[in-house]
Amino acid sequence: MKRVFSGVQPTSQVHIGNYIGAIKRFVEFQNDMDCFFCIVDLHSITLPQDPKKLYENSLQLAALYMAVGLDPSKVTLFLQSQVPTHSELAWLLQCNSYTGELNRMTQFKEKSQGKESITAGLYTYPVLMAADVLLYDTNYVPVGNDQKQHLELCRDIAIRFNKKYGETFVVPEPLIGKFGARIMSLDDASKKMSKSNEYEHSKINLLDTPSKIKKSIMKSVTDSESEIRFDVENKPGVSNLMVIYNTLSGMSLDDIESKYKGLGYGAFKKDLVEVVVSALEPIQSKYEKILKSGEVEKVLKEGAEKAKEVSNGILNKVKKKIGFVMF
Ligand code: ATP
Ligand code: LTN
């Protein structure tokens, strides 16, 4: 069976960009592939986190993974910090990566911009991500568009290691969706929808109420025309809303264009509110049930055991190749 690995940071609330670009797609793999989905809490502390919030967000994300339809009897769900092989391989890979390649990472440049002090962890973040993926002989990594460069680095690290020490790692392939791999901010269609954007109407979170969803969509930027047409270059705001509509309802972009011909943005946005609310409603009610059931901790515990078992085998192989004494 082919293996799939992906991770989401437990920073702040999960938004529909995370859902459409990544988490919703995770569910599609669970029946045919051996899936590992991680809550990458070690990554999240590359930027300051409030300990109480980090704790809450980590359990909330686990419950959300299940609420969107990931079945713990089919997939392995776990917390990165509970599986020490991740930190250990990250160090070994850091000693096989170059500052030149890390300097080129655009996410590092963006996230360090304007900051007075930047942690070494933010700089080496992509190497920890490479360790996450390579520890499981991963074939496929479903992610949003913003992670493309990190996965190219991961592949480079794997290929280089295999050349130096002999065949060790499976070289993974990113799986980036055709539509929805980069959902844009609702208030500025030139920027990606992002957890770190503090303006509440820039995004829709999976746990937002219908009235908040309505407000954010009705306020979203469009343009001075009134035509519903998919044209990312000239109509980025409307095109972004159309992608949200398309990915959450299944209606094709062509059918959306025909349905709203001559109707204007008001009618389109009003229906989009319905589409989003009805896509999120089942997730929200399942989420509440899962939290109450108390099963989250048990699932994470079992997930960590399985992740340790699989990743230990690969880590030991790497250590032997490097020349460490193993008993
Ligand atoms: P931040 O923007 O604050 O760095 P984030 O929103 O990117 O956070 P992550 O936990 O880093 O959140 O991302 C989880 C997954 O969601 C990744 O696969 C990422 O590529 C994807 N993703 C993030 N933002 C978007 C977006 N706007 N559109 C589509 N996919 C996205
Ligand atoms: N960097 C990713 C989160 C992440 C990840 C991973 C994604 C950490 N490790 C391994 C896929 C595979 C992000 O979303 N910002």
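Structure first, text after, so check above.
Scoring rules and cut-offs
- Per chain, residue numbering runs from 1 following the sequence as it is written.
- Chain labels run from A onward and ligand labels from 1 onward, assigned in the order the entries are written.
- Residues qualify for local features only when their pLDDT is at least 70, as the model is predicted, and side-chain atom pairs are given and counted only at 80 or more; totals for whole chains, interfaces and linings, by contrast, use all residues.
- Heavy atoms from the whole structure form the basis of all side-chain values; hydrogens and water molecules are not counted.
- Secondary structure counts use DSSP, requiring at least four H or I residues in a row for a helix and at least two E residues in a row for a strand, with both numbered from the N terminus.
- Under the scheme applied here, a residue whose accessible area is under 20% of the maximum for its type counts as buried, over 50% as exposed, and between as partly exposed, the area being computed with a 1.4 Å probe on protein chains only.
- Whether two residues are in contact is decided by their heavy atoms, any of which lying within 4.5 Å being enough.
- Computed with a 1.4 Å probe, the accessible areas rest on the Shrake-Rupley method; for each residue, only the protein chains presented here act as cover.
- Whether a residue is near a molecule or strand depends on its heavy atoms: it is near if one of them lies within 4 Å of it.
- Pairing of N or O atoms within 3.5 Å defines a polar contact, subject to two protein rules: one partner must be a possible hydrogen donor and the other a possible acceptor, and residues neighboring in sequence count only if both atoms are side-chain atoms.
- All amino acids are sorted into three groups, where Ala, Val, Leu, Ile, Met, Phe, Trp, Tyr, Cys and Pro are nonpolar, Asp, Glu, Lys and Arg are charged, and the leftover types, Gly among them, are polar.
- Every angle, taken between N-to-C directions, lies between 0 and 180 degrees, and every axis is a line fitted to C-alpha atoms, over only the stretch in contact when it is a helix.
- Any angle from 65 to 115 degrees is called roughly perpendicular, while one under 35 is roughly parallel, one over 145 is roughly antiparallel, and all others are oblique.
- Handedness of a crossing is defined here by the sense of rotation of the near helix relative to the far one, left-handed for an anticlockwise turn of less than a right angle and right-handed for a clockwise turn.
- By convention a nonpolar core is built from buried Ala, Val, Leu, Ile, Met, Phe, Trp, Tyr and Cys residues, the set being connected through side-chain atoms within 4.5 Å.
- Take the number of residues in a helix, subtract one, and multiply by 1.5 Å to get its expected span.
- The way it works is a 1 Å grid over only the protein atoms, where trapped points that fit a 1.4 Å probe form a cavity and open points with protein on both sides within 12 Å along at least five of seven lines form a pocket, and then any residue with an atom within 4 Å of a point lines it.
- Grid points are joined across faces, edges and corners, and a volume is the space filled by probe spheres set on the points.
- We treat Lys and Arg as the positive residues and Asp and Glu as the negative residues; His and chain ends play no part in the count.
- Counted as salt bridges are all cases of a side-chain nitrogen of Lys or Arg within 4 Å of a carboxyl oxygen of Asp or Glu.
- By the convention used here, strands pair only if DSSP detects at least 2 bridges between them.
- Any Phe, Tyr or Trp ring, taking Trp's six-membered ring, that has another such ring centre within 6.5 Å forms a pair; planes under 30 degrees apart are called stacked, those over 60 apart edge-to-face, and the others tilted.

A. Representation of the overall build of the protein. Helix and strand content of the protein: 13 helices and 5 strands. With the C-alpha coordinates aligned to their principal axes, the bounding extent of the protein is approximately 70 × 45 × 40 Å. Buried residues in the protein amount to 52% of all 327 residues. Counting only contacts in the protein whose residues sit at least 6 apart along the sequence, the fraction spanning at least 24 positions is 75%. When the accessible surface of the protein is totalled, it reaches about 15800 Å², and 52% of it is carbon and sulfur.

B. Looking closely at the site of ligand 2. Around ligand 2 sit 13 residues, and of these His 43, Tyr 125, Met 129, Asp 132 and Gln 147 come closest. Here Asp 132 contributes a side-chain N or O atom positioned 2.7 Å from a nitrogen atom of ligand 2. Gln 147 places a side-chain nitrogen or oxygen 3.0 Å from a nitrogen atom of ligand 2. Compared with its free state, where it exposes 360 Å², ligand 2 has 92% of that area covered by protein. Its residues assigned to classes, the shell around ligand 2 comprises 7 nonpolar, 5 polar and 1 charged.

C. Geometry of the packing of helix H10 (residues 236–249) against helix H12 (residues 264–293). Direction vectors running N to C along H10 and H12 enclose 40°, while the axes themselves pass 10 Å from each other. The angle between H10 and H12 places the two elements in the oblique class. The handedness of the crossing between H10 and H12 is left-handed. Taking contact as the criterion, the partners of Val 238, Leu 241, Met 242, Ile 244, Tyr 245, Leu 248 and Ser 249 in H10 are, on H12, Tyr 265, Phe 268, Lys 269, Asp 271, Leu 272, Val 275, Val 276 and Ala 279.

D. How the structure looks around the nonpolar core. Ranked by size, the top nonpolar core spans 59 residues in total, and within it Phe 37, Tyr 65, Ile 244 and Val 276 carry the most contacts. The element contributing the most residues to this core is H12, with 11 residues. The residues touching Phe 37, leaving out its near neighbours within four places in the chain, are Val 4, Ser 6, Phe 26, Tyr 65, Leu 70, Val 75, Thr 76, Leu 77 and Phe 78. Within the second largest apolar cluster, 39 residues are counted, among which are Leu 93, Leu 134, Leu 153 and Ala 158.

E. Expanded view of helix H8 (residues 148–165). Relative to the 26 Å expected for 18 residues at 1.5 Å per residue, H8 spans 26 Å between its end C-alpha atoms, a close match to the ideal helical length. The complete set of buried residues in H8 reads His 150, Leu 151, Leu 153, Cys 154, Ile 157, Ala 158, Phe 161 and Asn 162. Just beyond H8, the residue with positive phi is Gly 166, at close to 95°.

F. The arrangement of the layout of surface pockets in detail. In this structure, the second largest pocket encloses a volume near 250 Å³. If you go around the second largest pocket, you meet 15 residues; those closest to its centre are Arg 182, Met 184, Phe 230, Val 232 and Val 243. Taken together, the residues of the lining of the second largest pocket break down into 9 nonpolar, 4 polar and 2 charged.

G. Broad picture of the side chain of Asp 132. Turning to its location among the elements, Asp 132 is positioned in helix H7 (residues 120–134). Buried charge without a partner: Asp 132 forms no salt bridge, and the closest opposite charge is Lys 195, 13 Å away. Separated by 2.8 Å, the side chains of Asp 132 and His 86 make a polar contact. The residues touching Asp 132, leaving out its near neighbours within four places in the chain, are Phe 5, Val 40, His 43, Gln 80 and His 86.

H. Focus on the side chain of Thr 85. If you trace the backbone, Thr 85 turns up in helix H4 (residues 85–94). Once you skip the residues sitting within four places of it in the chain, Thr 85 turns out to touch Leu 135, Ser 311, Asn 312 and Leu 315.

I. Broad picture of the pairing of strand E3 (residues 76–79). Of the two faces of E3, the one holding Thr 76 and Phe 78 and the one holding Leu 77 and Leu 79 are both buried throughout. Two elements, strand E2 (residues 34–39) and E3, share 4 bridges in a ladder whose sense is parallel. In the strand pairing of E3, Cys 38 is matched with Phe 78.

J. Molecular detail of the packing of aromatic side chains. Under the definition given, this model contains 14 aromatic pairs. Aromatic pair Phe 26 and Phe 37: ring centres 4.3 Å apart, planes at 5°, arrangement stacked. On the criterion of sequence distance, the pair formed by Phe 26 in helix H1 (residues 16–29) and Phe 37 in strand E2 is long-range, its members being 11 residues apart. We classify Phe 26 as buried; its relative accessible area is 0%. Phe 37 gets classed as buried once you look at its relative accessible area, which sits at 0%. Between Phe 36 and Tyr 136, the aromatic rings sit 4.8 Å apart at their centres with planes inclined by 35°, giving tilted as the arrangement.

K. Geometry of the site of ligand 1. The full set close to ligand 1 counts 21 residues, and Lys 111, Asp 146, Lys 192, Ser 194 and Ser 196 are the nearest of them. Contacts to ligand 1 include Asn 18, whose side-chain N or O atom sits 3.1 Å from an oxygen atom. Here an oxygen atom of ligand 1 sits 2.9 Å away from a polar atom, N or O, in the main chain of Gly 144. Relative to its free-state accessible area of 590 Å², ligand 1 is covered by the protein chains to the extent of 96%.

Purely spatial values, then, with no claim about function.
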